[in-house]
Amino acid sequence: MRTKSRTFAVTLAATAVLLTPLASAETVEEHGVRVSVDGRLLPKKLPRHGTAPVSVSVLGRIGSKRSAPPPQLETLAIAINRQGHLSSRGLPRCPVDRIDPSTTREALAACRSALVGEGRFFANVRLPEQSPFPSSGKVLAFNGRLRGHPAILAHIYGADPVPTSYVLPFYVKSTRGRFGTVLEASLPSVTGEWGYVTGISMTLDRSFSYRGERRSFLSAGCPAPSGFGLASFPLIHTDFGFAGGVHVTSTVNRVCRARG
């Protein structure tokens, strides 16, 4: 078996259930590029005050309005609502060299304790020998650290058209405003001859114990106003950056139910 692997630097810091429809996708077109984004927060019933463990799912599909394929995906940014909190304190970290290169089974054997999510990856592969990605593959998200910054290491592995392994790092960044956590990744700089990315999905969901206390990688609350049981909120905001300077952005809104 031939396993290819390249680890590319990321400029800042991201991102799934299987690549199947969730609630209702937001579809945006810019300069002939069509991106559909969906998201899900579970459970929907959350504390009015304080937080509880949650899972967040993100799904993105990429297409073209024209007969020509879409341009290369170069960057991906996913911002999570500030009511959601990401914390990896007490969670083991996975060193990149332990999963690069590796199959899905080998990556799990090496870093299962640092696993924070799973997903799927899809690409249109024309030249297998030049592609950094498989045409379809399993995504394992591991807690990690790169260049002194917290990161999520997205390990991608698939056997079609040839066994291919790739680690896509996402740096985790805290920000102010409506969205408190931003996950950003840069994809490899390659020509469009090998093919192009068509979809990615991921669910971040991990509970663990630290110093006798039960903790969650992600937690959130539902700050519905007093007297109201429901609250509508922007769950995620995404920015897909393509070759040629094209950016397709969208915001996925969802509803939570307040408890207490």
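Everything quoted here is computed from the prediction, not taken from an experiment.

Undergrad: Could you clarify how one ought to interpret helix α1 (residues 104-111) in this entry?
TA: Along an α-helix, residues three or four apart share an orientation, since each turn contains 3.6 residues. Among all positions in α1, only Thr104, Ala107, Leu108 and Cys111 are buried. The buried residues of α1 occupy an angular sector of 100° when the element is viewed end-on, so they sit on one face. Facing away from the buried surface of α1 by more than 90 degrees, the exposed residues are Arg105 and Ala109. Summarising the contacts, the buried residues of α1 are in contact with β8 (115-125), β9 (136-146) and β10 (149-160).

Undergrad: Quick question: what am I supposed to make of the state of the cysteines here?
TA: Working definition: the covalent bond between the sulfur atoms of two cysteines is a disulfide. A full pass over the atoms with the stated rule returns two disulfides. Shown here is the disulfide that connects Cys94 with Cys111, its sulfur atoms set 2.1 Å apart. When the S-S torsion is 75°, as for the bridge of Cys94 with Cys111, the disulfide is right-handed. Residue Cys94 is found in the loop between β7 (84-86) and α1, and its partner Cys111 is found in helix α1; the two are separated by 17 residues along the sequence. In this structure Cys94 comes out as buried when scored by relative accessible area, which is 3%. Here Cys222 pairs with Cys256 through a disulfide, and the sulfurs are 2.0 Å apart. Judged by the sign of its S-S torsion, about 80°, the bond between Cys222 and Cys256 is right-handed. Here Cys256 lies in strand β18 (residues 246-259) and Cys222 lies in the loop between β16 (218-220) and β17 (230-242), a separation of 34 residues in the sequence.

Undergrad: What exactly am I supposed to notice about the packing of aromatic side chains here?
TA: Pairs of aromatic rings are described using the distance from one ring centre to the other and the angle between the two planes. Throughout the structure, instances matching the rule amount to three aromatic pairs. Considering the side-chain rings of Phe121 and Phe133, the 4.7 Å spacing of their centres and the 45° angle between planes classify their relative orientation as tilted. Placement of Phe121 in strand β8 and of Phe133 in the loop between β8 and β9 is noted, with a sequence separation of 12 residues between them. Accessibility expressed as a relative area gives 1% for Phe121, which makes it buried. Given the relative accessible area of 3%, Phe133 is considered buried.

Undergrad: I tried to follow the nonpolar core on my own but got confused; where do I start?
TA: One broad rule of soluble globular proteins: the nonpolar side chains tend to lie buried together. Core analysis: the largest hydrophobic core is formed by 54 residues, its most contacted members being Leu204 and Phe242. Of all the elements, β17 adds the most residues to this core, at six residues. Core analysis: the second largest hydrophobic core is formed by 15 residues, Leu108, Leu146, Val167 and Tyr171 among them.

Rules used in this analysis
Residues numbered from 1 in each chain as written. Predicted model: local features only at pLDDT ≥ 70, side-chain atom pairs only at ≥ 80, totals over all residues. Heavy atoms only, no water. Buried < 20%, exposed > 50% of the residue type's maximum accessible area, 1.4 Å probe, protein only. Helix = DSSP H or I, 4+ residues; strand = E, 2+ residues; numbered from the N terminus. Arc of directions from axis to C-beta. Contact = heavy atoms within 4.5 Å. Disulfide = S-S within 2.5 Å. Phe/Tyr/Trp six-rings, centres within 6.5 Å; stacked < 30°, edge-to-face > 60°. Core = buried A, V, L, I, M, F, W, Y, C linked by side-chain atoms within 4.5 Å.

Without other data, these values stay purely geometric and don't point to any function.
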